[in-house]
Structures are given as structure tokens and as C-alpha cells.
Amino acid sequence: MRIYIDRLKEGQENIFNESVDCSEIFDAEEVGVLVIEPVEVSFKAYLAGHELIIEWQFIKARCLVNCTVCNDKFNFQIEIQEGRHIEPLSSIRGAVFNPSSLVRELILLDIPSYAECKEGDCPERETLKRYIEKESYGSTT
Ligand SMILES: [Zn+2]
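The rules behind each value
Residues numbered from 1 in each chain as written. Predicted model: local features only at pLDDT ≥ 70, side-chain atom pairs only at ≥ 80, totals over all residues. Heavy atoms only, no water. Pairing = 2+ DSSP bridges. Helix = DSSP H or I, 4+ residues; strand = E, 2+ residues; numbered from the N terminus. Axes fitted to C-alpha atoms, helices over the stretch in contact; angles between N-to-C directions. Contact = heavy atoms within 4.5 Å. Phe/Tyr/Trp six-rings, centres within 6.5 Å; stacked < 30°, edge-to-face > 60°. Buried < 20%, exposed > 50% of the residue type's maximum accessible area, 1.4 Å probe, protein only. Core = buried A, V, L, I, M, F, W, Y, C linked by side-chain atoms within 4.5 Å.

Visitor: Would you take a moment to explain the sheet that holds strand S5 (residues 73-88) for this structure?
Guide: Strand pairing in a sheet takes place through backbone hydrogen bonds and is either antiparallel or parallel in direction. Spatially, S2-S3-S4-S5 is the arrangement adopted by the four strands of the open sheet, whose pairing is antiparallel. Two strands lie at the open edges of the sheet, namely strand S2 (14-20) and S5, each paired on one side alone. Each strand axis lies, on average, 10 degrees off the axis of its neighbour in the sheet, ignoring direction. Running over the sheet, helix H3 (residues 100-110) touches strand S3 (35-48), strand S4 (51-66) and S5 and is turned about 50 degrees from S4.

Written as C-alpha cells, this is what we have:
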């Protein structure tokens with residue numbers, strides 16, 4: 001996932017639309033633990049004055065998320081639609097910009113703090129509900 005700044009200086013746009021291996025975006029200990037399967041990344045990059053503009057078309061990733069109810073890990077689809085990142089050229093060292101850390105950050109930010117397995121129908125939910133009801137009943141007496 002590389003953006004060659006020199007090529008963009010001629011007024012070109014860099015269209016990127018590929019499946020990127022998890023290991024190119026995430027740390028080794030996160031691959032297979034936090035994220036599985038390749039990440040689909042689509043963006044358009046171009047220069048505007050002294051800034052590199054990255055327009056995300058979409059980012060799709062499969063993450064392993066803990067169910068808030070039963071705490072089991074399950075497969076959660078992250079889908080980020082559109083967005084824009086502006087990077088000043090002065091902060092880019094060399095002629096190549098690799099946006100993988102930006103993609104990682106966007107994915108991590110999109111992981112919900114509350115997630116339930118089986119598409120919101122966690123089999124443990126009924127058990128937990130009974131437990132909570134019993135608890136609150138116990139505290140009032
Ligand atoms: Zn669950």
C-alpha cells in the first residue's frame with residue numbers, strides 16, 4: 001500500500017483498490033487475534049497544494065471482537081464508508097507514503113465497545129438476564 005508522491009506531482013491521481021494482507025496493516029501479534037482475512041481497501045490519493053489528500057472509498061475488515069454478553073470472540077465485519085485524510089507533504093519523509101497505520105487506526109476506532117455475537121442474539125443473553133433479575137431482586141429485599 002504505497003503512494004508515490006512524485007507521480008502525484010504531475011497531477012495524477014492514485015486509485016487504490018485491493019485486498020491487503022493483514023500483516024501489512026497490523027502488528028504481528030494482532031493478526032489472527034484482532035483481525036483475520038485480508039483487509040479490503042479502496043481510496044483515491046492526490047495532491048492539493050502542499051498536502052496529500054486521501055479519500056477513502058471504503059475499508060472492509062473482519063475483526064475478532066469479544067461479545068459483551070458471553071465474552072466469546074466472534075467474527076465482526078467492519079465497514080468504513082468514505083472519509084478523508086489530509087497529510088501535509090512536509091510531514092512525509094521520502095517520496096513514498098504508506099497509509100497502513102491510518103487504515104489500522106480507522107479500523108480500531110470502528111470496533112464497537114458493545115458487540116453481541118450471533119448478530120445480536122447471543123445465546124447467553126437469556127441466562128445473563130435471569131442472573132441480573134435475580135441479582136436486583138436480591139438487592140431490594
Ligand atoms: Zn455472546
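Visitor: Help me understand the packing of aromatic side chains, please; the structure alone is not making it clear to me.
Guide: Aromatic ring pairs are defined here through the distance separating the ring centres and the angle between the ring planes. The tally for this structure, following the rule as stated, stands at three aromatic pairs. With a centroid separation of 5.0 Å and 10 degrees between ring planes, the pair formed by Phe 16 and Phe 43 is classed as stacked. Within this pair, whereas Phe 16 is found in strand S2, its partner Phe 43 is found in strand S3, the two being separated by 27 residues in sequence. On the basis of relative accessible area, Phe 16 is assigned to the buried category, the value being 7%.

Visitor: What should I look at first to understand the nonpolar core in this one?
Guide: Side chains that are nonpolar tend, in soluble globular proteins, to be buried together. If you look at the biggest cluster of nonpolar residues, it comprises 36 residues, and the most contacted ones within it are Val 39, Val 41, Leu 52 and Ile 107. Those elements giving two or more residues to this core turn out to be helix H1 (5-8), S2, helix H2 (22-25), S3, S4, S5 and H3. Here the element with the most residues in this core is S4; it accounts for seven residues. Apart from the residues lying within four places of it in its own chain, the contact partners of Ile 107 are Phe 26, Val 39, Ile 59, Ala 61, Cys 63, Ile 78 and Ile 80.

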